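Chain by chain, the residues:
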Amino acid sequence: MEKSKTNKELPKFKYFEDPYKLNIIKRDDNIRCHCCNKLTGYNYEGVIYSVHDVSNVCPWCIANGAVGEKYDATFHDCVYDESQLFDKSSVSEVMERTPGFPTWQPFTWPIRDGDFCMYVGDIGWDEIKVLPDSEDVIRELHEHIKESYGTTNEEEIRNIMESITNVGTHSGYLFKSVVTNKHVVIEDWD
Ligand SMILES: [Zn+2]
């Protein structure tokens, strides 16, 4: 694992696979963390929801809960079905100690096997088709579209699924179960 300037190991996030690879947290030697006031060599410039004016924090202050606590902040505009969680303490880990990622609309964070899923990244139809568990992912997506769009027209459902891209206004987000590693895709519109 890449080491920081201070030789401390970079924090990992249970519910976000790799915010460093996705450039949500970037190398930067010149930006001081708003929270700990240190030059750590890494900067998170994603969204922070707080009544306080806070931006540019380091991954350590996200992971240890300092940003969440000091600024009464969360990193996500999402809902979730708490009744599906075996351990409710994961709510604060997701909301207050997991970096955010760009979405168009507030979204429903998927829960599988009693725990929040881990966010992996954006995904389009071409990548969805070749996931190792694509059959299950597509079946689930199909059900979701049927319900949320109120349609049973197969061609229409297929067209909606095939219009999911990882760059456009109809985005797909890939998650996976932290228990079984099985993938889940949710969709989002501009
Ligand atoms: Zn910090």
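All of these numbers come straight from a predicted model, not from anything done at the bench.

Account for the overall build of the protein chain, naming residues and giving values.
In terms of helices and strands, the protein chain carries six helices and eight strands. Computed over C-alpha atoms, the radius of gyration of the protein chain comes to 18 Å, within 12% of the 16 Å expected from 2.2 N^0.38 for 190 residues, which places it in the range of a compact globule. Along the first, second and third principal axes, the C-alpha atoms of the protein chain reach 55 × 30 × 30 Å. In the protein chain, of all internal contacts separated by at least 6 residues, the share reaching a separation of at least 24 is 58%.

Residue-level account of the pairing of strand β6 (residues 115-123), with values.
Two elements, strand β5 (residues 111-112) and β6, share two bridges in a ladder whose sense is antiparallel. By the bridge assignment, Arg112 is partnered in β6 with Asp115. Joining the antiparallel neighbours β5 and β6 is a turn of two residues, in which Asp113 adopts a positive phi near 55°. For β6 and strand β7 (residues 170-177), the ladder comprises six bridges, and the chain directions are antiparallel. Among the inter-strand pairings, Gly121 is bridged to a residue of β7, identified as Leu174.

Give me the lowdown on the packing of helix α5 (residues 134-149) against helix α6 (residues 154-162), citing residues and values where you can.
Where α5 contacts α6, the two axes come as close as 10 Å, and the packing angle between them is 110°. Accordingly, the angle class assigned to the pair α5 and α6 is roughly perpendicular. Here α5 and α6 pass one another in a crossing that is right-handed. Note on element contacts: α6 touches α5 through Ile157, Ile160 and Met161, opposite Leu141, His142, Ile145, Lys146 and Tyr149. When its residues are assigned to classes, the contact of α5 with α6 shows six nonpolar, one polar and one charged.

Lay out the environment of Ser89 in plain terms, naming residues and giving numbers.
With respect to the helices, strands and loops of the structure, Ser89 is situated in the loop between β3 (78-79) and α3 (90-97). Looking at Ser89, the number of C-beta atoms within 10 Å reads 7, which means it is exposed. In the structure, Ser89 is positioned 38 residues away from Val51 in sequence and 23 Å away in space, judged by C-alpha atoms.

Describe in detail the domain arrangement of the protein chain, supporting the description with residues and values.
Once the domains are mapped, the protein chain shows domain 1 (1-102) and domain 2 (117-190). Once you take the C-alpha centre of each, domain 1 and domain 2 turn out to be 26 Å apart. If you look at the interface, domain 1 gives six residues, while domain 2 gives five residues.

So what about the sheet that holds β7? Which residues, and what values?
Reading across the sheet, the four strands line up as β5-β6-β7-β8 and stay open at both edges, with antiparallel pairing between neighbours. Each edge of the open sheet carries a strand with a single partner, namely β5 and β8 (183-189).

Summarise the nonpolar core; cite the residues concerned and give the values.
Within the largest apolar cluster, 41 residues are counted, with the highest numbers of intra-cluster contacts made by Val57, Cys61, Val67 and Val185. Where this core is concerned, the elements lending two or more residues are β2 (42-44), α1 (59-63), α3, β6, α5, α6, β7 and β8. Looking at which element gives the most residues to this core, the answer is β6, with five residues. Both domain 1 (1-102) and domain 2 (117-190) contribute no fewer than three residues apiece to this core.

Residue-level account of α5, with values.
Since one α-helical turn is 3.6 residues long, residues separated by three or four positions face the same way. Look at α5: 21 Å from first C-alpha to last across 16 residues, which is about the 22 Å you get at 1.5 Å a residue. One or two steps after α5, the chain reaches Gly150, where phi turns positive at roughly 60°.

For unusual backbone geometry, give the residues involved together with the corresponding values.
A positive phi angle, close to 65°, is found at Asn37, a residue other than glycine. With 9 C-beta atoms counted inside 10 Å, the residue Asn37 sits in the exposed group. Of note in this structure, Asn56 is not a glycine but carries a positive phi near 55°. Structurally, Asn56 can be placed in the loop between β2 and α1. Asn56 sits in the partly exposed class, given 14 other C-beta atoms within 10 Å.

Conventions and cut-offs
- Residues numbered from 1 in each chain as written.
- Predicted model: local features only at pLDDT ≥ 70, side-chain atom pairs only at ≥ 80, totals over all residues.
- Helix = DSSP H or I, 4+ residues; strand = E, 2+ residues; numbered from the N terminus.
- Rg over C-alpha atoms; globule rule 2.2 N^0.38 Å.
- Contact = placed C-beta atoms within 7 Å.
- Pairing = 2+ DSSP bridges.
- Axes fitted to C-alpha atoms, helices over the stretch in contact; angles between N-to-C directions.
- Parallel < 35°, antiparallel > 145°, perpendicular 65-115°, else oblique.
- Left-handed = near helix turned anticlockwise from the far one by under 90°.
- Nonpolar A, V, L, I, M, F, W, Y, C, P; charged D, E, K, R; others polar.
- Buried ≥ 20, exposed ≤ 12 C-beta atoms within 10 Å, placed from the backbone.
- Domains from an automatic or database assignment.
- Core = buried A, V, L, I, M, F, W, Y, C linked by C-beta atoms within 7 Å.
- Expected span 1.5 Å × (residues − 1).

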